[in-house]
Amino acid sequence: MKTGKLTVGDKEIELSVKVGTENEIGLELGKLRKETGVITLDPGFVNTGSTESAITFLNGEEGVLRYRGYPIEELAANCDFVEVCYLLIYGDLPTETELENFRDSIRAHTMLHEDIRSFYNGFPRDAHPMAILSSVVCALSTFYQDALDVDDEDQVNTCVHRLIAKLPTIAAYSYKKSVGQPLIYPRNDLNYCENFLQMMFAVPTEPYEMDPDFVQALNLLLIVHADHEQNCSTSTVRMVGSANANLFASISAGIAALWGPLHGGANEACVAMLERIIEDDCNVKKYVDMAKDKSDSFRLMGFGHRVYKNYDPRALIIKKACDKLLSKMDRDDPLFDIAQSLEEVALNDPYFVERGLYPNVDFYSGVIYRAIGIPVQMFTVLFAIGRLPGWVAHWTEMHKSPSARICRPRQIYTGPGAREFVSIAHR
Ligand code: SDX
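Quick summary incoming for the structure in this document. (Residues numbered from 1 in each chain as written. Predicted model: local features only at pLDDT ≥ 70, side-chain atom pairs only at ≥ 80, totals over all residues. Heavy atoms only, no water.)

### Some thoughts on the overall build of the protein chain
For the protein chain, the count of helices and strands is 18 helices and six strands. Across the 427 residues of the protein chain, 48% fall into the buried class. About 21,500 Å² of surface is accessible on the protein chain, with carbon and sulfur atoms providing 51% of the total. Charge-centre separation for the protein chain: the mean point of 42 positive side chains lies 7 Å from the mean point of 58 negative side chains. (Helix = DSSP H or I, 4+ residues; strand = E, 2+ residues; numbered from the N terminus. Buried < 20%, exposed > 50% of the residue type's maximum accessible area, 1.4 Å probe, protein only. Areas by Shrake-Rupley, 256 points an atom, 1.4 Å probe, with all protein chains shown as cover. Lys, Arg positive; Asp, Glu negative; His and termini not counted. Charge placed at Lys NZ, Arg CZ, Asp CG, Glu CD.)

And the structure:
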């Protein structure tokens, strides 16, 4: 297909199309309003592509997810998270030398400025860690004012390395503050996931014993969360970045979007839902019926997806990892059991089958986080640490695009027509 035809009233216009690597077709609307006077209207952008991108490919009908062409299953089985960060941001899997240089650069940036440590005394003890994460990430721009030029590739690259290095430190500090323990400095003799776990759970009074199963499970979780094309938070990062806002500010906005329970906040909401079902005599059917009841706002958290109308491939990977970790720990988690029962009931119910509603990335991830000892409020923070390379890759791809321009959608106005002003004495 080379072009598309559109008839608007008595006008017919020809629109060029963009055909993607996997033969997706996009109608290019650049001249629509100029030639017809009309715009498109697509709440939630269900049918609207915002950009071309070479980073991640999803096929929602077949449950396919690839980063830079590599299937998520291969990357999850063979890579570590820093390697996947490199792939997403720079476009290819790194050589050993490239990867070592990347790791060294990240190690050099894991510490926070000592003045940032004092920020944590300013937040309430029960502050949500996503609020802290978004605030501190934006505040990084005040400590690196000499490296915020979005058009300077070296400055952007330094910002990228600083963010990847510092997000785990910022996150772990928020947890330590919430439990009244001393903030633990990063250690450069540890790998990325080991370092995060020791900053989270080490205490100065005794050596921290690293559990390799926890390190492996965390590494897998970060990889499967690393990118997901034009999701809500990534689109937010692109939108904010399109105004030439610096990378720290753009990522801070992405963190805020991810916090939403319909998006990354669903992993925290899913655990709360599963615990509620357990407390309610494990009455799975009651909650499946509530989710189907249009008069009830209740939805199955961790279920359904805008793109996947098949099983989310990440949920399959995470579910297998749950099984493996719990059996290695010789531990039963009632949450995992109830989640599997809920999945079983839902996937045999026409309501869910007809709508293509399957478990998504957030349905089982909480089981692993709990097994590792991550508190529920930190689940979405872990999602953000995983998603950071994706956000960064999209932000830099957007800035390098020759068609980059500020994102500014139009609207259809439905408010009152022009009317005379009435002074307050006569209202
Ligand atoms: C993430 O975009 C991404 O890629 C996101 C993400 C990523 O990696 O970045 O994958 C991460 O955000 C995963 C999604 C996490 N959110 C949840 O688990 C929250 C619960 N899910 C839903 O709220 C919902 O499925 C969404 C928000 C995920 C998708 O919403 P859509 O695409 O707008 O779908 P919809 O609301 O139009 O639902 C279509 C139908 C509706 O019923 P009908 O009007 O057709 O009768 O399906 C129903 C909905 O009521 N439905 C659900 C449901 N999800 C959709 N019914 C019950 N429980 C659910 N979870």
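### Concerning the pattern of salt bridges
A full pass over the atoms with the stated rule returns 19 salt bridges. For glutamate 114, the salt bridge identified is with arginine 117, shortest N-O distance 3.6 Å. With glutamate 114 and arginine 117 both in helix α5 (residues 114-117) and three residues apart, this pair spans about one turn of that helix. Here the salt bridges share partners, and the residues they tie into one network are Asp80, Glu100, Arg103, Asp104 and Arg107. (Salt bridge = Lys/Arg side-chain N within 4 Å of Asp/Glu carboxyl O.)

### Observations regarding the packing of aromatic side chains
Here the structure, examined in full by the defined rule, presents 17 aromatic pairs. Between tyrosine 351 and phenylalanine 352 the ring centres are 5.0 Å apart and the planes differ by 70 degrees, which places this aromatic pair in the edge-to-face class. Residue phenylalanine 352 is classed as buried on the basis of its relative accessible area, which comes to 3%. (Phe/Tyr/Trp six-rings, centres within 6.5 Å; stacked < 30°, edge-to-face > 60°.)

### Some points on the sheet that holds strand β1 (residues 3-8)
Spatially, the three strands line up as an open sheet ordered β1-β2-β3, and their pairing is antiparallel. A strand with exactly one partner marks an edge of an open sheet, and here the two such strands are β1 and β3 (25-27). For this sheet the average axis-to-axis angle between neighbouring strands, irrespective of direction, equals 35 degrees. For β1 and strand β2 (residues 11-19), the ladder comprises six bridges, and the chain directions are antiparallel. Across the sheet, residue threonine 3 finds its bridge partner in β2, namely serine 16. (Pairing = 2+ DSSP bridges. Axes fitted to C-alpha atoms, helices over the stretch in contact; angles between N-to-C directions.)

### Topic: the environment of arginine 33
Tracing the backbone shows arginine 33 in helix α1 (residues 32-36). Distance from arginine 33 to isoleucine 406, taken between C-alpha atoms, is 18 Å for residues 373 residues apart in sequence. Those residues within four positions of arginine 33 in sequence are excluded, and the remaining contacts are Val38, Ile39 and Arg410. (Contact = heavy atoms within 4.5 Å.)

### What to know about the packing of helix α6 (residues 129-143) against helix α18 (residues 379-400)
At a minimum axis distance of 8 Å, the contact between α6 and α18 shows a crossing angle of 35 degrees. Together, Pro129, Met130 and Leu133 of α6 and Thr380, Val381 and Ala384 of α18 make up the contact between the two elements. Of the residues assigned to the contact of α6 with α18, the class counts are five nonpolar, one polar and no charged. (Nonpolar A, V, L, I, M, F, W, Y, C, P; charged D, E, K, R; others polar.)

### Quick word on the side chain of histidine 263
Here histidine 263 is to be found in the loop between α11 (247-258) and α12 (266-279). We classify histidine 263 as buried; its relative accessible area is 14%. Apart from residues no more than four positions distant in its own chain, histidine 263 is found in contact with Asn231, Cys232, Ser233, Ala257, Leu258 and Asp362.

### Some thoughts on the nonpolar core
Soluble globular proteins tend to bury their nonpolar side chains together. Counting 121 residues, the largest nonpolar core has Ile251 and Met273 as the members making the most contacts within it. With residues near it in sequence (within four places) discarded, methionine 273 still touches Phe298, Arg299, Leu300, Met301, Leu342 and Phe363. (Core = buried A, V, L, I, M, F, W, Y, C linked by side-chain atoms within 4.5 Å.)

### Things to note about unusual backbone geometry
Positive phi, close to 65 degrees, is recorded for asparagine 23, a residue that is not glycine. Take asparagine 23: it is sitting in the loop between β2 and β3. Unlike most non-glycine residues, aspartate 330 shows phi in positive territory, near 55 degrees. Positionally, aspartate 330 belongs in the loop between α14 (313-328) and α15 (334-346). Residue aspartate 330 is classed as exposed on the basis of its relative accessible area of 72%.

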